[in-house]
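# Commentary on secondary and tertiary structure
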Amino acid sequence: MTDKLLHYIEGVGWRYDCDHSMTHRMNSHDYKGRSIYMLTITLAHRSKPLLGTLRWKQKEGEEGMLPQSAKEREAVVDLTPLGKRVRDCWEQIPAHYPDVRTIILQIMPEHLHGVLFVTQDQEAHLGQIVKGFKVGCSKAWWTLNPSLLFDAPQDATAGTSSFAPFCSPNYNSARTTAAPVASAIAAPAAPYSRPLPHSKGAKGPSLFAPGYNDSVLMGEGQLANMIRYVQQNPLRAMIKREHPDLFRIVRELHFGGHTFAAIGNHWLLEHPMRMQVRCHNNTTEANLKLIAKQKEYFLLRGDKGGVVVSPCISPGEKEIARAALDAQHPLIVILENGFPPLYKPPGKYFDACAKGLLIMLAPWPYHTERRTITREQCLALNNFAFEICDEPWTSDKEQQLLQLALRKDK
């Protein structure tokens, strides 16, 4: 039996609540084979910024003066001694797995993102490589904080001891002597509110939470996107810190008789000019011309302050949403899937959210399954868009634009 709540999802059926997990893997993928992965690994307690301090770094101006323009500042993470040890462990992975390359690493105060390239087939599963890295980091943490060890005396303080920050396949073989670190203890003085996770037989608690998240590079150009995502993580975190209300997930937003999960600028739902976008999902010449005319129409209306409301189902609807984002017009998006914990809008959606130009709505619970959206769900999402807008898309308006599009070619 399960204690999860059961919900009826229109067009899908009955589903239990789904928890976001760091242990899901792609069933069809060989994790011992040649591939590139973007990894996310979080601390056991994300409320404890053990790895570094996030701040704005001035590019110009007087010391102590925060530049106002984003072009004059950059977000950086000043690593703690523990953060530096974690970085060392990452850089040493190829020394113990010669066919694995580390492409990039971004350590955040309470988590990290990195990209690994497994250059050829391995005996070790990706999970074994990640496990070894995590064990090495935990040992470095214990060295900086001997009182964390399960058999440590009550008056244990940091001092000279042995540790293994670098990685063998089981991260146990390389040992060095640590210098005194009494002035740079990374663990918080206050006790943890709940027990830290640890592996069976471990001498101390685990620095990191169980599991990890991986994204497998699947297409051309995706590596550049992965690297950019990792590099820009501090900037996105600082923007979220400066605009917390715009990035806070609301689980029960009531509007128009419906309940949504939402993230973004709620005031867009009160805007007096909310325009429904609805495009046909076919590639006939007439429909492609209609979509081009629709895009032109909505961009002109957006220039005058109109808000696009779209479920972004068909290619035409997605094209119009992208055009609205590029033009920095406000956008309301209705999604089939909900939001996991710690969700951040991707790419251009993030930038629009930071500027107050976006709200994302999800009428159904979050799920981790790969689903093909059903016709019933498409109809339901279009109906949500219809009820949210105050300028619905009508067949009369569609015919007018279609005639204009066809007349233009004559």
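So, here is what we can say about the structure in this document.

How each quantity is defined
- Residues numbered from 1 in each chain as written.
- Predicted model: local features only at pLDDT ≥ 70, side-chain atom pairs only at ≥ 80, totals over all residues.
- Heavy atoms only, no water.
- Helix = DSSP H or I, 4+ residues; strand = E, 2+ residues; numbered from the N terminus.
- Contact = heavy atoms within 4.5 Å.
- Pairing = 2+ DSSP bridges.
- Axes fitted to C-alpha atoms, helices over the stretch in contact; angles between N-to-C directions.
- Buried < 20%, exposed > 50% of the residue type's maximum accessible area, 1.4 Å probe, protein only.
- Core = buried A, V, L, I, M, F, W, Y, C linked by side-chain atoms within 4.5 Å.

This brings us to the environment of R87. Topologically, R87 is positioned in helix α1 (residues 81-91). For the pair R87 and L105, spaced 18 residues apart in the sequence, the C-alpha separation amounts to 7.8 Å. Residues contacting R87, with those up to four places away along its chain left out, are L79, L105 and I107.

All right, on to the sheet that holds strand β3 (residues 35-42) then. Taken in spatial order, the four strands of this open sheet run β6-β7-β3-β10, and their pairing is antiparallel. With one partner strand each, in any of the chains shown, β6 (100-107) and β10 (213-216) form the two edges of the open sheet. Geometrically, the sheet is characterised by an average inter-axis angle of 20 degrees between neighbouring strands, direction not taken into account. In terms of strand pairing, β6 meets strand β7 (residues 111-118) through seven bridges, oriented antiparallel. Residue pairing in the sheet places V100 in a bridge with V118 of β7. Across the sheet, α1 is in contact with β3, β6 and β7; its angle to β6 comes to roughly 160 degrees. Those strands touched by helix α4 (residues 222-231) are β3, β6, β7 and β10, and its axis lies near 35 degrees from that of β6.

Looking now at the sheet that holds strand β14 (residues 307-310). Reading across the sheet, the six strands line up as β11-β12-β16-β15-β14-β13 and stay open at both edges, with mixed pairing between neighbours. Looking at which strands have only one partner, the edges of the open sheet turn out to be β11 (250-255) and β13 (274-276). Here the average twist between neighbouring strands, direction ignored, is 30 degrees. Note: β11 against strand β12 (residues 258-264), four bridges, orientation antiparallel. In the strand pairing of β12, L253 is matched with F260. Strands in contact with helix α10 (residues 375-388) are β11, β12, β13, β14, β15 (331-334) and β16 (358-362); relative to β15, the strand with the most contacts, it is inclined by about 145 degrees.

Across the eight residues of β3, eight count as buried, placing the element largely inside the fold. Burial of β3 is two-sided: the residues S35, Y37, L39 and I41 facing one way and the residues I36, M38, T40 and T42 facing the other way are all buried. Two strands pair when backbone bridges link them, and β3 and β7 are joined in this way by eight bridges, in the antiparallel orientation. Following the sheet pairing, S35 is matched in β7 by V118. Strand direction decides the pairing type here: β3 and β10, joined by four bridges, are antiparallel. In the strand pairing of β10, T40 is matched with N213.

If you look at the biggest cluster of nonpolar residues, it comprises 34 residues, and the most contacted ones within it are F298, L331, F339, Y349, L358 and M360. The greatest single-element share of this core, amounting to five residues, is contributed by helix α9 (residues 347-354). When near neighbours in sequence (up to four residues on either side) are disregarded, M360 contacts A261, A262, I263, V333, L335, F339, Y343, P345 and Y349.

Any link to function would need more than the numbers given here.
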